[in-house]
Amino acid sequence: MVWHLILHYQIATGFEDDGGKGGPKNRIIKWVNGKINPWNKEIKNLGNDWNHGDILACLVNSLAPGLVPDFAEMTPENARDNIDRAMEMAKLWMDIPRVLEPEDMMDPNVDELSMMTYLSYFPNAKVKDGAPCVNPGRVIARGPGITGVGLKLGKPAEFEIDASKAGENGRDKIKVEVMGPEGPVKVDLTSNGDLTYKGAYYPEDDGEYHVKITLLNCPVPKSPFKIGIYGAVKTDV
């Protein structure tokens, strides 16, 4: 009875009201998807979608970038370690209690009430001072390779990235990927040693280019940048 009261209160205060459509379970799923969708992840249930640990790690990292930055590389073979590490980081730096064990979350038939209770702590959680986090929202990307002004096919599309205000824990953790009309495009990126970077990519084909910039797997503002390059000189999309 006590757990039901705690769960009801935390869902009422932490998750957006859906007007009675689907109940608390759907409200939690909708909230989680809102946090993990930017990383092309999605859940449909509170059961086997959580078995491998990558979803929990992604959720933790979305709320506190840098706590579990390698969530995208997690494999099912390491499910228990994945879940345990995500739970421990959430407990250590966000005061989210471990109300269930990794083995519970690994179970395809995990108790949904336990999952709902655990996840209900997340929306109102606060990250503690001193947490090994970064702030991708304070990264600035600029230059022709970002704005698209004056770009020419066959010439370097140069850009600069300033992550000096994003946190020391993000040092050399900037990643730039460019997808062109025909697939991945070569990118050169050099650190200036002061949390700023210079880089360039090399457009060769007419069409749209997507420039994705992340800090510890978290997208920086406005990333991915969409740029259309047609003929000799680029025009913005």
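Our structure's up above, just so we're on the same page.
I will try to describe carefully the structure that is included in this document. What you see is a predicted model, and the numbers here were worked out from it, not measured in a lab.

Reading the values: the criteria
- Going along each chain's sequence as written, the residues are numbered from 1 onward.
- Predicted model: local features are reported for residues with pLDDT of at least 70 only, side-chain atom pairs are reported and counted for 80 or more only, and whole-chain, interface and lining totals are derived from all residues.
- Only heavy atoms go into the side-chain values, all of them from the structure, while hydrogens and water stay out.
- Helix numbers and strand numbers start at the N terminus; a helix is a DSSP run of H or I with at least 4 residues, a strand a run of E with at least 2.
- Contacts are assigned to residue pairs with any non-hydrogen atoms lying within 4.5 Å of each other.
- Note on aromatic pairs: the rings of Phe, Tyr and Trp (six-membered ring only in Trp) are paired at centre separations within 6.5 Å, and the planes decide the class, stacked below 30 degrees, edge-to-face beyond 60, tilted for the rest.
- Only protein chains enter the accessibility calculation, which uses a 1.4 Å probe; a residue is then buried when its area is under 20% of its type maximum, exposed when over 50%, and partly exposed in between.
- Here, a strand pair is defined by DSSP locating no fewer than two bridges between the strands.
- Every axis in this analysis is a line fitted to C-alpha atoms, fitted for helices over the stretch in contact. Angles between the N-to-C directions lie between 0 and 180 degrees.
- Site definitions follow a grid-based scheme: protein atoms alone, a 1 Å grid, a 1.4 Å probe that fits but cannot get out for cavities, and for pockets an open set with protein on both sides within 12 Å along at least five of seven lines, plus lining residues having an atom within 4 Å of a point.
- Grid points are joined across faces, edges and corners, and a volume is the space filled by probe spheres set on the points.

### Observations regarding the environment of Val185
Counting through the fold element by element, Val185 comes out in strand S4 (residues 183-185). With 16 residues separating them along the chain, Val185 and Tyr201 place their C-alpha atoms 6.7 Å apart. Excluding anything up to four places from it in sequence, Val185 contacts Val178, Met179, Gly180, Tyr201, Tyr202 and Tyr209.

### Let's talk about the packing of aromatic side chains
In this structure the tally under the stated criterion is four aromatic pairs. With 5.4 Å between their ring centres and 80 degrees between their planes, Tyr118 and Phe122 make a pair best called edge-to-face. Relative accessible area serves as the criterion here: at 0%, Tyr118 is assigned to the buried category. Look at Phe122 and you get buried, because its relative accessible area is 1%. Ring geometry for Phe159 versus Tyr201: centroids 6.4 Å apart, planes at 35 degrees, classification tilted. With a gap of 42 residues between them, Phe159 in strand S2 (residues 157-162) and Tyr201 in strand S6 (residues 196-201) connect regions that are remote in the sequence. For the residue pair Phe159 and Tyr201, the accessibility class agrees, reading buried in each case. An aromatic cluster of at least three residues, connected via ring pairs, comprises Phe159, Tyr201 and Tyr209.

### Concerning the sheet that holds strand S5 (residues 187-191)
If you trace the four strands from one edge of the open sheet to the other, you get S1-S2-S6-S5, paired in antiparallel fashion. Of all strands in the sheet, those with a lone pairing partner are strand S1 (140-142) and S5, marking the two edges. Ignoring strand direction, the axes of neighbouring strands in this sheet form an average angle of 20 degrees. Judged from the five bridges that link them, S5 and S6 form a sheet pairing that is antiparallel. Bridge pairing links Thr190 to Lys198 in S6.

### Here's the deal with the layout of surface pockets
The volume enclosed by the largest pocket comes to roughly 250 Å³. What lines the largest pocket is a set of 14 residues, among which Pro38, Trp39, Lys212, Thr214 and Asn217 lie closest to the centre. Where the lining of the largest pocket is concerned, the elements lending two or more residues are strand S3 (174-180) and strand S7 (207-215).

### Some details on helix H3 (residues 54-63)
Within H3, nine of the 10 residues are buried, which leaves the element mostly enclosed by the surrounding structure. What H3 keeps buried is the set Asp54, Ile55, Leu56, Ala57, Cys58, Leu59, Val60, Asn61 and Ser62.

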